[in-house]
Amino acid sequence: AYRTLVERYWKVVVVTLKTRLPAGTDTEGLAQEVFIRAFRSLEKLTNPKAFAGWLLRITQNLATDELRKHLRSRSVESYDPGILENHPAAKLARDGIEARVEIQDEVKKVMTAIAKLPERYQAVLTLRYLKGLSNREIAGHLAEPDGTIRNRLFRALDKLRGLLKNTQAASGNTEARESKTGNLQ
């Protein structure tokens, strides 16, 4: 039974850790620690249907502990741009170096923006877009009503769009200043 749970949730745990921790962090080792903590505390889980949400909470707590322990900043450079390497957009980028660099920059911006969101929004975005679960499946895993998950996903996407617009606007202002001064053209 333990093996099945590890196989089912390993990728979600690793991706969650990678989105929350700086690149170069031993996410595989930390993922093992997450499962060890989960199995030691399994008797505390009152609703087996909420296992995924409970495991995600353990993962997020461990990531927070790790960040505190190392006192690292969460700068753009600290995130692994290869997290979504198997994403269809990344596969298309393999044809051209320029396209690949562009995709990696976009992935880095998105992952940085996701990391700035509250944990409850990170959780639904991770389960929906990285794990591929439906809203109903997410509701079951997090032991929340379906309407709450839909609302949370809507709000998470809205906040993510806002963060990405602010990032784009900031980089657009920099480009406008550079073109006025004639630098970097």
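Parameters at a glance
Residues numbered from 1 in each chain as written. Predicted model: local features only at pLDDT ≥ 70, side-chain atom pairs only at ≥ 80, totals over all residues. Heavy atoms only, no water. Helix = DSSP H or I, 4+ residues; strand = E, 2+ residues; numbered from the N terminus. Buried < 20%, exposed > 50% of the residue type's maximum accessible area, 1.4 Å probe, protein only. Contact = heavy atoms within 4.5 Å. Areas by Shrake-Rupley, 256 points an atom, 1.4 Å probe, with all protein chains shown as cover. Axes fitted to C-alpha atoms, helices over the stretch in contact; angles between N-to-C directions. Parallel < 35°, antiparallel > 145°, perpendicular 65-115°, else oblique. Left-handed = near helix turned anticlockwise from the far one by under 90°. Expected span 1.5 Å × (residues − 1). Bend = angle between axes of the 7 residues up to and from the residue. Phe/Tyr/Trp six-rings, centres within 6.5 Å; stacked < 30°, edge-to-face > 60°.

Q: What exactly am I supposed to notice about the overall build of the protein here?
A: Within the protein, the secondary structure is distributed over eight helices and zero strands. The helix and strand sequence of the protein, counted from the amino end, reads α-α-α-α-α-α-α-α. Evaluated residue by residue, the protein yields a buried proportion of 36% over its 185 residues. For the protein, the proportion of contacts with a sequence separation of at least 24, taken over those separated by at least 6, is 64%. As displayed, the protein has an accessible area near 11500 Å², and 51% of this comes from carbon and sulfur atoms.

Q: Honestly, the packing of helix α6 (residues 119-130) against helix α7 (residues 135-142) in this entry has me stumped. Any pointers?
A: Working note: a packed helix pair is described by the angle between its axes plus the distance between those axes. Contact geometry for α6 and α7: axes closest at 10 Å, N-to-C directions at 135°. Here α7 runs oblique to α6, going by the angle between their axes. Crossing of α6 against α7: the hand is right-handed. Residues Val124, Leu127 and Arg128 of α6 form the contact with α7, whose own contacting residues are Asn135, Ile138 and Leu142.

Q: Got a minute to help me understand helix α1 (residues 2-20) in this structure?
A: Every α-helix carries 3.6 residues per turn, so stepping three or four residues along brings you back to the same face. Over its 19 residues, α1 extends 25 Å from the first C-alpha to the last, a length consistent with the 27 Å expected when each residue adds 1.5 Å. A bend of about 50° at Tyr9 is the largest found in α1. For α1, the full list of buried residues reads Tyr9, Val12, Val13, Val14, Val15, Thr16, Leu17, Thr19 and Arg20.

Q: Help me out: how do you make sense of the environment of Thr112 in this one?
A: In this fold, Thr112 is placed in helix α5 (residues 97-116). Judged by relative accessible area, which is 9%, Thr112 ranks as buried.

Q: Got a minute to help me understand the packing of aromatic side chains in this structure?
A: The way to describe two aromatic rings as a pair is by their centre distance and the angle between their planes. Summed over the entire model, instances satisfying the criterion amount to five aromatic pairs. Ring plane angle 35° and centroid distance 6.1 Å describe the contact between Phe35 and Phe39, whose orientation is recorded as tilted. Placement of the pair is Phe35 and Phe39 together in helix α2 (residues 27-40), with a separation of four residues, close to one helical turn. Taken together, a centroid distance of 5.9 Å and an interplanar angle of 50° make the contact between Phe51 and Trp54 tilted.

Keep in mind these numbers describe shape, not what the thing actually does.
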